[in-house]
Number of protein chains: 2
Amino acid sequence: MTAFALSDLTTSLRIPPGTGAIDLSAIETNAAPGFDGDKKAGEAALLALAPELADLQERLFAEGRAGGRRNILLVLQGMDTSGKGGTLRSTVGLVDPQGVRITSFKAPTREELAHDFLWRITKALPEVGMLGVFDRSHYEDVLIARVRELAPKDEIERRYDAINAWEAELAAEGTTIIKCMLHISAAEQKERLLARLDDETKYWKYNPGDVDERELWPAYQEAYEIAIARTNTKVAPWHVVPADKKWYRNLAIGTLLLDALRSFDLGWPPADFDVEHEKRRLLDEKPL
Amino acid sequence: MTAFALSDLTTSLRIPPGTGAIDLSAIETNAAPGFDGDKKAGEAALLALAPELADLQERLFAEGRAGGRRNILLVLQGMDTSGKGGTLRSTVGLVDPQGVRITSFKAPTREELAHDFLWRITKALPEVGMLGVFDRSHYEDVLIARVRELAPKDEIERRYDAINAWEAELAAEGTTIIKCMLHISAAEQKERLLARLDDETKYWKYNPGDVDERELWPAYQEAYEIAIARTNTKVAPWHVVPADKKWYRNLAIGTLLLDALRSFDLGWPPADFDVEHEKRRLLDEKPL
């Protein structure tokens, strides 16, 4: 069905649980690990996955309607311009929107700040049968919060453990958690920010504050390294997705989703009613 | 761009405000008003609309991010199997899922029943810039609620006015409301229910309770006629969409969405920062 081995690609993105310190600078941002072809082949490979992706997603949705308790939570993190939005459009957009729940987390509101950091995240969790997608997430609370010192040091420390406990509980309840860091280089980000400034249809995506954050690039990379190392658990492993090549990023996320869906071994829910009896009811009905 | 006049199609679906009694039985369910071609041409016409639909939806989303207050609320109503889900997949699925918020309303929970019927509906309203889609809606509270006598008669009566006031307020705040009844015949429904019973990949969509509702077909048609007549306002008009032909239903909804988006005359938000200054910041930055 596909010209590459799904498992090769997903394995090459996964940070093995138990990995100690992570060195993001050692992970090539412009690479396409696990895939041999070029852009054209990569785009074709993603489209070739689409029918199976849509079919399995519908089965998961059906299972949720029929009493199943499983669902998927895809967590997208990455620096500005790393392509979280593009992934939503190009990859998540391949499946039926009825079965998808996307939440884009912004700076927390006053009400949200008056609760534990996981409060608003918990409220946004997908229902059973759904594909939930977080565009940014609770990880902001150990990323920007660490870099910008938005919380005391010991609170940041506490959060790694809190996240692990929360994700473990979620996984135990039936959620498959797929955490992805979209990994771009600082040079690629610069190019993408400049492209926004060169195109008046993209001004709305540009925020001068993004450049303020960019100036803290090394601190953010370090915060990612720490967050990934501290929260890379067996039940909720991290994937670092080289994202300078947009087509590879889209293919990689599609592959991770398909891999998770395949592992569910999804059938179709059996009838919980008497099929023949229902047919007779319809065929023998009195005129309406 | 398209082989048919958008405005002909949308006009032919719209129930003119001020129309008195509605007779649904006089509206052909198997027709394709405002479109001359066959299924193949209709599917091609929808795909031909897709790029403009996606482009304008992105502009609306951008406007919302830039302080705009407009959005769209598409209300889908119809008997079981009328194709609300199919419309979500085939038409709503044409635009970026980031900009879409779908809510599928089920039987109200105990908490929801402890509030006014518009409470849960209000909570599900789309943010500015978004395309909100209701798969069922507050109209259930004057449809099944009327047919099944789930509320006293005078409460049902009160609700028509409450809905009109609520929708008028919504429209005044910047929401374009597009209300659609997906109109199928009883014979078509029977065929679709039987098809579900003949296909084990569709059992999960079948609910014996749907046949109980079907037996009340004339009462439901009457409830729709009354609801449409009572809530067909200038700011929130009803459209009756012949829906026996799935391809026409999809095209019709796509056309209504495009028509609304075109009427917004959407540009791109201007920069609210100094473009040249931002370019210099990036080009002259110190090494990170």
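Residues numbered from 1 in each chain as written. Chains lettered and ligands numbered in written order. Predicted model: local features only at pLDDT ≥ 70, side-chain atom pairs only at ≥ 80, totals over all residues. Heavy atoms only, no water.

(A) Molecular detail of the packing of helix H2 (residues 39–65) of chain B against helix H11 (residues 246–263) of chain B. Residue and element names in this part refer to chain B. Where H2 meets H11, the axes come as close as 9 Å, and the angle between the chain directions of the two elements is 30 degrees. Relative to H11, the element H2 lies roughly parallel. Judged by the sense of rotation from one axis to the other, the crossing of H2 with H11 is left-handed. Where H2 approaches H11, its residues Lys 39, Gly 42, Glu 43, Ala 45, Leu 46, Leu 49, Glu 52, Leu 53, Leu 56, Gln 57 and Leu 60 are matched on the opposing element by Trp 247, Asn 250, Leu 251, Gly 254, Thr 255, Leu 257, Leu 258, Leu 261 and Arg 262. Residue classes in the contact of H2 with H11 are distributed as 11 nonpolar, 5 polar and 4 charged. (Axes fitted to C-alpha atoms, helices over the stretch in contact; angles between N-to-C directions. Helix = DSSP H or I, 4+ residues; strand = E, 2+ residues; numbered from the N terminus. Parallel < 35°, antiparallel > 145°, perpendicular 65-115°, else oblique. Left-handed = near helix turned anticlockwise from the far one by under 90°. Contact = heavy atoms within 4.5 Å. Nonpolar A, V, L, I, M, F, W, Y, C, P; charged D, E, K, R; others polar.)

(B) Quick look at the environment of Asn232(B). Residues and elements named next belong to chain B. Summarising the element assignment, Asn 232 is placed in the loop between helix H10 (217–231) and strand S5 (238–242). Residue Asn 232 is classed as buried on the basis of its relative accessible area of 8%. Between the alpha carbons of Asn 232 and Thr 19 there is a distance of 8.1 Å; along the sequence they are 213 residues apart. When near neighbours in sequence (up to four residues on either side) are disregarded, Asn 232 contacts Ile 15, Pro 16, Pro 17, Gly 18, Pro 237 and Trp 238. Within the structure, the side chain of Asn 232 is placed 3.0 Å from the backbone oxygen of Ile 15, a separation counted as a polar contact. (Buried < 20%, exposed > 50% of the residue type's maximum accessible area, 1.4 Å probe, protein only. Polar contact = N/O pair within 3.5 Å; in protein donor to acceptor, adjacent residues only side chain to side chain.)

(C) Structural detail: the environment of Glu215(B). In this fold, Glu215(B) is placed in the loop between helix H9 (208–214) and H10. Sequence-wise, Glu215(B) and Asp80(B) are 135 residues apart; in three dimensions their C-alpha atoms are separated by 12 Å. Residue contacts for Glu215(B): discarding those within four places in its chain leaves Arg281(A) and Leu288(A).

(D) Inspection of the relation of the copies chain A and chain B at higher detail. Of the transformation placing chain A onto chain B, the axial shift is 0.0 Å and the rotation is 180 degrees, giving an RMSD of 0.0 Å. Within this description, the copies of the chain are treated as partners about a two-fold rotation axis. A high fraction, 100%, of the interface residues of chain A reappear at the interface in chain B, so the copies pair face to face through one surface. (Least-squares fit on C-alpha atoms with pLDDT ≥ 70 in both.)

(E) Inspection of the sheet that holds S5(B) at higher detail. Residues and elements named next belong to chain B. Spatially, 5 strands are ordered S2-S3-S1-S4-S5 in an open sheet, and the strand pairing comes out parallel. The open sheet has two edge strands, strand S2 (100–104) and S5, and neither has a second partner. The average angle at which neighbouring strand axes cross in this sheet is 20 degrees, direction not considered. The pairing of strand S1 (residues 71–78) with strand S3 (residues 131–135) spans 5 bridges and is parallel. Bridging from a neighbouring strand, Leu 73 pairs with Gly 132 of S3. (Pairing = 2+ DSSP bridges.)

(F) Representation of the sheet that holds strand S4 (residues 175–183) of chain A in the model. Residue and element names in this part refer to chain A. In space, the 5 strands of this open sheet follow the order S2-S3-S1-S4-S5, with parallel pairing throughout. Both edges of this open sheet fall to strand S2 (100–104) and strand S5 (238–242), since each of them pairs with a single strand only. Ignoring strand direction, the axes of neighbouring strands in this sheet form an average angle of 20 degrees. Judged from the 5 bridges that link them, S2 and strand S3 (residues 131–135) form a sheet pairing that is parallel. Across the sheet, residue Arg 101 finds its bridge partner in S3, namely Gly 132.

(G) Structural view of the interface of chain A and chain B. With 46 residues of chain A at the interface, the matching set in chain B holds 46 residues. Together, the buried faces of chain A and chain B total about 4,400 Å²; carbon and sulfur atoms form 67% of this surface. Inspection of the chain A/chain B interface yields 12 salt bridges. On the surface where chain A and chain B come into contact, there are 16 residue pairs in polar contact (both at pLDDT 80 or more). (Buried area = accessible area lost by both parts, 1.4 Å probe. Salt bridge = Lys/Arg side-chain N within 4 Å of Asp/Glu carboxyl O.)

(H) Fine view of the packing of helix H7 (residues 153–173) of chain A against helix H10 (residues 217–231) of chain A. All names here are of chain A. Between H7 and H10, the least distance of the axes is 9 Å, while the angle of their chain directions is 45 degrees. In terms of axis orientation, H7 runs oblique to H10. Helix-helix and strand crossings are classified by hand; for H7 and H10 the assignment is right-handed. Along its contact with H7, which presents Glu 157, Tyr 160, Asp 161, Ile 163, Asn 164 and Glu 167, the element H10 presents Ile 226, Ala 227, Arg 230 and Thr 231. Class assignment for the residues of the contact of H7 with H10 results in 4 nonpolar, 2 polar and 4 charged.

The analysis is restricted to geometry; functional conclusions fall outside its scope.
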